[in-house]
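Take a look at the letters that make up each chain.
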Amino acid sequence: MAPRGPDQEECEGLLQQWREEGWNQTLSTASEGPLADKGLAESSLALLMDNSGEQDAASEDKWSSRQLSDLRAAENLDQPFPEVLGEEPLAEVEGPLWAAVPVQTGPQYADCAVLPMGAMAAEQWEEDPAMVAWSIAPEPMPQEETSMWPFEGLEQLQPPPMEIPYHEILWREWEDFSTQPDAQGLEAGDGPQFQFTLMSYNILAQDLMQQSSELYLHCHPDILNWNYRFANLMQEFQHWDPDILCLQEVQEDHYWEQLEPSLRMMGFTCFYKRRTGCKTDGCAVCYKPTRFRLLCASPVEYFRPGLELLNRDNVGLVLLLQPLVPEGLGQVSVAPLCVANTHVLYNPRRGDVKLAQMAILLAEVDKVARLSDGSHCPIILCGDLNSVPDSPLYNFIRDGELQYNGMPAWKVSGQEDFSHQLYQRKLQAPLWPSSLGITDCCQYVTSCHPKRSERLKYGRDFLLRFRFCDLACQRPVGLVLMEGVTDTKPDRPAGWAECIFEEEISELEPVFPRTIGTIQHCLHLTSVYTHFLPQHGCPEVTTMPLGLGMTVDYIFFSAESCENENRADHRLDRDGTLKLLGRLSLLSEEILWAANGLPNPFYSSDHLCLLASFGMEVTAP
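Keep in mind it's a predicted model, so treat the numbers as computed, not measured.

### Describing the overall build of the chain
Here is step 1: Each helix and strand in the chain was counted, giving 13 helices and 21 strands.
Here is step 2: For the chain, buried positions account for 46% of its 621 residues.
Here is step 3: Restricting to contacts in the chain with at least 6 residues of sequence separation, those with at least 24 account for 73%.

Given below as structure tokens:
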């Protein structure tokens, strides 16, 4: 309680007036209902005595008149009183129990302040909202009567009771696009399929969270503790039980000390790539060796020394996995699966860097997923791309082409609008130099040119051509004249040409064409999610930085394009050898705000996890 203020005499005067009139006197209660009981009356009087010094003059007059009206209304304190303002009668308390509840001032917190006070939580004081509101706290309600989880409570921070199903607390539904699979994990229908699930999750590195602590002021410190967050994350992994797990923002020491051992006990084989430079987090790809066999693993670094366009420390991982079919199916085969995971640069102003990083990743995917006949095996590309849906970067991945020349760099990702700024960095062609070794089709140079049938053989006859070239027949300037050594000039045979044949020199350096202001790729990718919730009429969100919900996390998978070349509608894509069987629904910004945003006691990251189920064709040899 606050100390008594300078207006103690006024309070004592009111107390004396109340004593003189008699607290058993029956008065009219037209303006306010009666008090609950004697304990409540005494507590209200004590509040009047103790808090008078905290309020200004107008507030003190209001408090005094209200308390005096309450005290006069106490006609019969020995009998229970009817409901006040439609609320349930208050339980008796043995003394003035008080609880502090911070008043939320912003409109975005309107749905988040769940007060663990029962009926008294509805009492609204009209004082300055910046001050701390005090309300009477009744005895704790039984656990079964508590209907809402107190997200912002000051005491209850433990996970919900285990008897409540975990998926019901998450408020996320599984959208099934397939028929019921059989016991072996293969679907019966048009043909057998190898089914698997993949999760992509930005788990929020603890170091990055502490460096940007101003983004998490709405969270209670206890739910930001790594031990609490780690337990929640592992609970999500165990509940959804994916076959492939792609993680971003994985802190290196947490990975080696906790995440990797725990995931290994869950049956995963893990690969990790830390960001370059002094960064402490990175990306990880984990798979179950009972479902897949590793063919190759390629870490991708976007940093290129001396190249200003690629001077950032972001990384990626590309794995080529061979699905393992049950032995009872006989001689059948499944195509390899290429899985790429990355975390692209965040800076909303540097769309040129984002495009260059994505080009490097796509070139690596093209190399790993390319088959002997020039086609590609099924591909899944996922991660935190720091770009919103329908942005130029998103459309480039989905449509396979982007005309970027003259485009403002901030517009590439669509995260923020910087059109009001006088100076705007614009993209110029070519976007990256030829020394990067990547074409405008996002392929490595060596992948674009066929291999030579045979190596060039430097025989004696070939070397003799240089003996009679024009340069060899010219006397160097300053050459010391020595008789019989430097004074002779070779005689050119009649059948030798004047110079070296140019066809041999043309093959020394391959030259690839550069398009003007356009980049492309041929991987035929489409998104698992549609980025809109038709049942709610609002967009999906995967993260909520500074209280603003947006989508920046994706799972793209390879699909064959339809004969209709209108790529404006990505729903025109049809599944190829990789079929989408189901996905875990995302949430809206409104629903997440009802849970106090991200992170919260249920979701221990500032991103939501993405989960999808796929099927791959099983073919006979």
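### Quick notes on the pairing of strand β7 (residues 281–287)
Here is step 1: Of all seven residues in β7, seven are buried, a share of seventy percent or more.
Here is step 2: Summarising the sheet, strand β5 (residues 244–251) and β7 pair through six bridges and their orientation is antiparallel. When the sheet's bridge partners are listed, L247 is paired in β7 with A284.
Here is step 3: Here strand β6 (residues 269–274) pairs with β7 via six bridges, running antiparallel. Of the residues in β7, the one forming a bridge with F271 is V285.

### Digging into the packing of helix α6 (residues 226–240) against helix α7 (residues 252–265)
Here is step 1: Contact geometry of α6 with α7 gives a least axis separation of 11 Å together with a crossing angle of 30 degrees. Taken together, the axes of α6 and α7 lie roughly parallel to each other. The two elements α6 and α7 meet at a crossing, and its hand is right-handed. From α6, W226, N227, F230, M234 and F237 reach across to α7, where they touch H254, Q258, L259, S262 and L263.
Here is step 2: Partitioned by chemical class, the residues of the contact of α6 with α7 number six nonpolar, four polar and no charged.

### Overview of α6
Here is step 1: Helix length check: α6 (15 residues) gives 21 Å between terminal C-alpha atoms against 21 Å at 1.5 Å per residue, within 8%.
Here is step 2: All of the buried residues along α6 are W226, Y228, R229, F230, N232, L233, M234, E236, F237 and W240.
Here is step 3: With a side-chain oxygen positioned 2.9 Å from the backbone nitrogen of N227, the residue opening α6 is N225.

### A word on the side chain of Q251
Here is step 1: With respect to the secondary-structure elements, Q251 resides in strand β5.
Here is step 2: Discounting residues that sit within four places of it in the chain, Q251 has contacts with A205, Q206, D207, Y272, T280 and D281.

### A few points about helix α9 (residues 392–399)
Turn by turn, an α-helix covers 3.6 residues, leaving residues three or four places apart pointing in a common direction.
Here is step 1: Counted residue by residue, α9 has seven buried out of eight residues, so it is predominantly covered.
Here is step 2: For α9, the set of buried residues is P392, L393, Y394, N395, F396, I397 and R398.
Here is step 3: The positive-phi residue at the C-terminal boundary of α9 is G400, with phi of around 85 degrees.

### Topic: unusual backbone geometry
Here is step 1: With an omega of -5 degrees, the peptide bond between A429 and P430 qualifies as cis.
Here is step 2: Following the sequence through the fold, P430 ends up in the loop between β13 (401–403) and α10 (445–448).
Here is step 3: Residue L598 is joined to P599 through a cis peptide bond whose omega torsion reads -10 degrees.
Here is step 4: By secondary structure assignment, the location of P599 is in the loop between α13 (589–594) and β21 (610–619).
Here is step 5: Phi at L204 takes a positive value of approximately 65 degrees, unusual for a residue other than glycine.
Here is step 6: Mapped onto the elements of the fold, L204 is located in the loop between β4 (193–202) and α5 (206–211).

### Remarks on the confidence of the model for the chain
Here is step 1: Predicted confidence across the chain gives a mean pLDDT of 75, with 60% of residues reaching 70 or more.
Here is step 2: Taken as a whole, residues 24–69 scores under 50 in pLDDT and shows 78 contacts with residues more than four places along the chain or in a different chain.
Here is step 3: Low confidence marks residues 71–167, where pLDDT is under 50. Its contacts with residues over four positions away, or in another chain, come to 138 contacts.

### What about the nonpolar core?
Here is step 1: Counting 61 residues, the largest nonpolar core has F196, F237, I244 and F614 as the members making the most contacts within it.
Here is step 2: Residues in contact with F614, not counting those within four places in the same chain, are F194, Q195, F196, L198, I380, V528, I555, F557, L578, K579, L580 and L581.
Here is step 3: Grouped together as the second largest cluster of nonpolar side chains are 48 residues, V318, A369, M407 and L431 included.

### Observations regarding the packing of aromatic side chains
Here is step 1: Scanning the model with the defined rule gives 14 aromatic pairs in all.
Here is step 2: Ring centres 6.4 Å apart and planes at 10 degrees place the aromatic pair F271 and Y287 in the stacked group. In this pair, F271 sits in strand β6 while Y287 sits in strand β7, placing the two residues 16 residues apart along the sequence.
Here is step 3: Of the aromatic side chains, those joined through ring pairs into one cluster are F194, F196, F292, F557 and F614.

### A look at the state of the cysteines
Here is step 1: For the coordinates displayed, the defined rule picks out zero disulfides.
Here is step 2: Considering cysteine sulfurs only, C382 is the nearest to C246, which forms no disulfide, with 3.5 Å between them.
Here is step 3: A relative accessible area of 0% means that C246 is categorised as buried.
Here is step 4: This cysteine, C270, is not joined by any disulfide, and C286 carries the nearest cysteine sulfur, 3.1 Å off.
Here is step 5: The exposure class of C270 is buried, given its relative accessible area of 13%.

### Quick look at the packing of helix α8 (residues 351–369) against α9
Here is step 1: The geometry of α8 relative to α9 is characterised by a closest axis approach of 11 Å and an angle of 20 degrees between their N-to-C directions. Comparing their axes, α9 and α8 come out roughly parallel. The interaxial crossing formed by α8 with α9 has right-handed handedness. Where α8 abuts α9, its residues K354, L355, M358 and L362 lie against L393, F396 and I397.
Here is step 2: Among the residues forming the contact of α8 with α9, the class breakdown is six nonpolar, no polar and one charged.

What counts and what doesn't
Residues numbered from 1 in each chain as written. Predicted model: local features only at pLDDT ≥ 70, side-chain atom pairs only at ≥ 80, totals over all residues. Heavy atoms only, no water. Helix = DSSP H or I, 4+ residues; strand = E, 2+ residues; numbered from the N terminus. Buried < 20%, exposed > 50% of the residue type's maximum accessible area, 1.4 Å probe, protein only. Contact = heavy atoms within 4.5 Å. Pairing = 2+ DSSP bridges. Axes fitted to C-alpha atoms, helices over the stretch in contact; angles between N-to-C directions. Parallel < 35°, antiparallel > 145°, perpendicular 65-115°, else oblique. Left-handed = near helix turned anticlockwise from the far one by under 90°. Nonpolar A, V, L, I, M, F, W, Y, C, P; charged D, E, K, R; others polar. Expected span 1.5 Å × (residues − 1). Polar contact = N/O pair within 3.5 Å; in protein donor to acceptor, adjacent residues only side chain to side chain. pLDDT = per-residue confidence, 0-100. Core = buried A, V, L, I, M, F, W, Y, C linked by side-chain atoms within 4.5 Å. Phe/Tyr/Trp six-rings, centres within 6.5 Å; stacked < 30°, edge-to-face > 60°. Disulfide = S-S within 2.5 Å.

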